[in-house]
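Given next are the chains, with one letter for each unit.
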Amino acid sequence: MDCKRRRTTRVLAPLAAAALASAALCAAPAAYAAGDPVSATNGFYVDPDNSAAQWVAANPDDGRASAIEASIASQPAADWFGAWTGDIGEATGAYVGAAANADELPVLVAYDIPDLDVCAGLSTGGAASDSDYETWIAGFAGGIASRPALVILEPDSLGDESCMSSSQISDRDGLLNDAVTQFNDQAPDTWVYLDAGNPGWVDASTMAGYLNDAGLAHAHGFSLNVSNFYTTDQNVAYGNEINADLSADYGYTKPFVIDTSRNGNGTTGSWCNPDGAQLGSTDQVGGDGAEMLLWIKTPGDSDGDCGTGSGTTAGQFVPQIAYNLIYGN
């Protein structure tokens, strides 16, 4: 799907997101539990240099700018890190450092696994070898170090196992297990979520097996709906089904988070820049059965040369896509 930043079901009224954001943020409890990044911080981090904010700053006289500023650029969302990032340890270190200075919780997405987006083929890149990836993800975790963070680990990586060979799956599972270990060893105040795709991709029983083989037992939880459009209720049902299978087959369950960045109107069956999508709930702790609702996909970033993003590239910020998401057009 996307090769760059893809950030975040209740529908937000146009231009109301800014007013609601502060209420949606989770106030930290008085006591900080070691290893708990939520209680260590005061709400979610808003990157002042996010792609929507950059566009607004460069186009202040555009008629769409005020709406995009209020409803997207000023909202907390994940930041994506991959082959384009440069020195990964410096990049993640700078990002979580800025969030720590603001006493806010950053959400980071690691997106550089070999054979990236092997099923859809719209994203390019990924580490050139297993050893390159092992070095990269170790640097990613080392940059975060002991500061609080959430990490969404390799979106699509387990859903893509549905179209990979057994040897490719074995390699990928080894890399994901190693990645979880790196975060546990180097970033003890980070919660890591393995990505479990969405309700329309892989059945829950199969996904439970994929997650377990990839090291979920040692991660904090799993993520759902990254860059997709399924409603929160649909994702909660799917997450609960996965947990039922995990409990039955492996003896444990895990919390899950949902990408609500574009699920306000639900899915039309298309994942690639569909018409009629709308912003969903802004970042919050707790929500209809999920541990957190997050903007993991960046609203306004294209899914690729498809749908309403014809002629664009994956990860490119497109102001008209962003504007349409505000109003559900």
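To start, this report covers the structure provided alongside it. Fair warning: this is a prediction, and the values are worked out from it, not measured in the lab.

With that settled, the discussion passes to the pattern of salt bridges. Per the stated rule, a full pass over the model turns up three salt bridges. One salt bridge in this structure joins Arg 262 and Asp 303, with 3.0 Å as the shortest N-O distance. Within this pair, whereas Arg 262 is found in the loop between β6 (256-259) and β7 (284-287), its partner Asp 303 is found in the loop between β8 (290-294) and α9 (319-327), the two being separated by 41 residues in sequence. Relative accessible area serves as the criterion here: at 0%, Asp 303 is assigned to the buried category. As a salt-bridge pair, Asp 303 and Lys 297 come within 3.0 Å of each other at their nearest N and O atoms. A cluster of three or more residues bridged by salt bridges with shared partners is formed by Arg 262, Lys 297 and Asp 303.

With mixed pairing, the eight strands of this open sheet are ordered in space as β1-β2-β3-β4-β5-β6-β8-β7. Strand pairing shows two members of the sheet lacking a second neighbour, β1 (79-81) and β7, which therefore form its edges. In this sheet, neighbouring strand axes are inclined to one another by 30° on average, regardless of whether the strands run parallel or antiparallel. Pairing of β7 with β8, which is carried by three bridges, proceeds in the antiparallel orientation. Directly across from Gln 284, in β8, lies its bridge partner Leu 293. Of the strands in this sheet, β1, β2 (107-110) and β3 (149-153) touch helix α4 (residues 88-101), which is tilted by about 165° from β1.

Calculation notes
- Residues numbered from 1 in each chain as written.
- Predicted model: local features only at pLDDT ≥ 70, side-chain atom pairs only at ≥ 80, totals over all residues.
- Heavy atoms only, no water.
- Salt bridge = Lys/Arg side-chain N within 4 Å of Asp/Glu carboxyl O.
- Helix = DSSP H or I, 4+ residues; strand = E, 2+ residues; numbered from the N terminus.
- Buried < 20%, exposed > 50% of the residue type's maximum accessible area, 1.4 Å probe, protein only.
- Pairing = 2+ DSSP bridges.
- Axes fitted to C-alpha atoms, helices over the stretch in contact; angles between N-to-C directions.
- Contact = heavy atoms within 4.5 Å.

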